[in-house]
Amino acid sequence: MERSNDRVETGVDLGVGQSLGKLPNYYPSVYDFRNGQPGVQLDGKVYGAYTGDKVYGENTEDKFLIRPDMLAMSIHGLLNDFLGRSAAADGNDSLNLQKCQSISDCSSVQYCSADGEKAVCTGSKVCVCCRSHYHVALDDAIIPSPNNGTGVFIVSQDDTGVTPMYTEPYWSNDIGVQVFRASNGAANWTLGIGISVAIGCVAATIIFKKRLQNEKLY
């Protein structure tokens with residue numbers, strides 16, 4: 001449903017993003033348009049940010065686009081469905097939510113427009129008030145490089161350096177990298193001592209068994 005809503009609003013079918021077919025590993029890939037970074041489409045080209053001579057809106061295909069992965073899209077829809085119902089009802093338990101097949105069916109909904117809010121169609125096929133929003137997984141100091149494609153970033157000149165910069169990396173599920181704990185000298189000594197103790201215990205057990213047999217106690 002989230003895919004359908006985005007297609008109706010933007011006129012572009014971006015699919016559902018990265019699938020949930022495999023568990024993630026710990027290899028952070030590039031944050032770009034295919035992995036959730038928003039972009040602006042001008043004359044058919046997607047930029048991370050644009051400050052050039054082209055005027056946004058002159059072309060009917062000019063749009064702001066975002067393609068989240070399937071997990072983010074699913075959570076976005078679930079939150080809208082859960083939180084948007086109470087917002088639409090606003091204390092009116094008897095309110096019947098309008099049925100829908102896409103977001104275009106919610107354009108005439110009154111219980112959201114009365115408060116200046118937008119109604120969206122959820123996976124439950126009902127119109128609710130929009131309560132869920134995406135956010136950019138980057139520190140404010142890290143901004144898209146103007147007039148370049150997505151996946152290219154610079155540090156903002158307005159950053160005062162008061163706090164450390166951070167990111168929320170996208171975890172790739174197709175690289176296949178495995179992570180192991182790094183061992184040091186202490187770990188090697190521990191392994192050696194453990195092997196020695198194990199050998200000693202086995203030897204002591206064999207000797208003790210033979211003595212019991214010699215004494216006819218076994």
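See above for the structure.
In this text, all values refer to a predicted model and were calculated from it rather than measured experimentally.

A. Structural context of the overall build of the protein. Along the protein, the regular secondary structure elements total four helices and seven strands. Ordered by position from N to C terminus, the α and β elements of the protein give α-β-β-β-α-α-β-β-β-β-α. Put simply, the protein has 218 residues, and 28% of those count as buried. In the protein, of all internal contacts separated by at least 6 residues, the share reaching a separation of at least 24 is 62%.

B. Representation of the pattern of salt bridges. Under the definition given, this model contains four salt bridges. Its salt-bridge partner being R34, residue D32 comes within 3.6 Å of it at the nearest N-O pair. The shortest N-O distance in the salt bridge between D81 and R85 comes to 3.4 Å. Of this pair, D81 and R85 both sit in helix 2 (residues 70-89), four residues apart, which is roughly one turn of that helix.

C. Region of the structure containing the packing of aromatic side chains. Scanning all chains against the criterion turns up two aromatic pairs. Centre to centre, the rings of Y47 and Y50 are 4.9 Å apart; their planes meet at 55 degrees, and the pair counts as tilted. Ring geometry for Y56 versus F64: centroids 4.9 Å apart, planes at 40 degrees, classification tilted.

D. The arrangement of the nonpolar core in detail. Ranked by internal contacts, the top residues of the largest apolar core, which has 17 residues, are L97, C106, V109, Y111, C112, C127 and C129. Taken together, the elements giving at least two residues each to this core come down to helix 2, helix 3 (110-113), strand 4 (119-121) and strand 5 (127-129). Once residues lying within four places of it in the same chain are set aside, the contact partners of C106 are Q98, C100, A119, V120, C121 and C127.

E. Broad picture of the environment of S132. With respect to the helices, strands and loops of the structure, S132 is situated in the loop between strand 5 and strand 6 (142-144). Separated by 48 residues in sequence, S132 and G84 place their C-alpha atoms 8.4 Å apart. Leaving out residues up to four positions away in the same chain, S132 has contacts with H76, L79 and N80.

F. The arrangement of the sheet that holds strand 1 (residues 39-42) in detail. Reading across from one edge, 2-1-3 is the order of the three strands in this open sheet, with antiparallel pairing throughout. Both edges of this open sheet fall to strand 2 (45-47) and strand 3 (63-65), since each of them pairs with a single strand only. Going across the sheet, the axis of each strand differs from the next one's by a mean of 30 degrees, ignoring polarity. Direction of pairing for strand 1 relative to strand 2: antiparallel, over a ladder of three bridges.

Cut-offs and rules
- Residues numbered from 1 in each chain as written.
- Predicted model: local features only at pLDDT ≥ 70, side-chain atom pairs only at ≥ 80, totals over all residues.
- Heavy atoms only, no water.
- Helix = DSSP H or I, 4+ residues; strand = E, 2+ residues; numbered from the N terminus.
- Buried < 20%, exposed > 50% of the residue type's maximum accessible area, 1.4 Å probe, protein only.
- Contact = heavy atoms within 4.5 Å.
- Salt bridge = Lys/Arg side-chain N within 4 Å of Asp/Glu carboxyl O.
- Phe/Tyr/Trp six-rings, centres within 6.5 Å; stacked < 30°, edge-to-face > 60°.
- Core = buried A, V, L, I, M, F, W, Y, C linked by side-chain atoms within 4.5 Å.
- Pairing = 2+ DSSP bridges.
- Axes fitted to C-alpha atoms, helices over the stretch in contact; angles between N-to-C directions.

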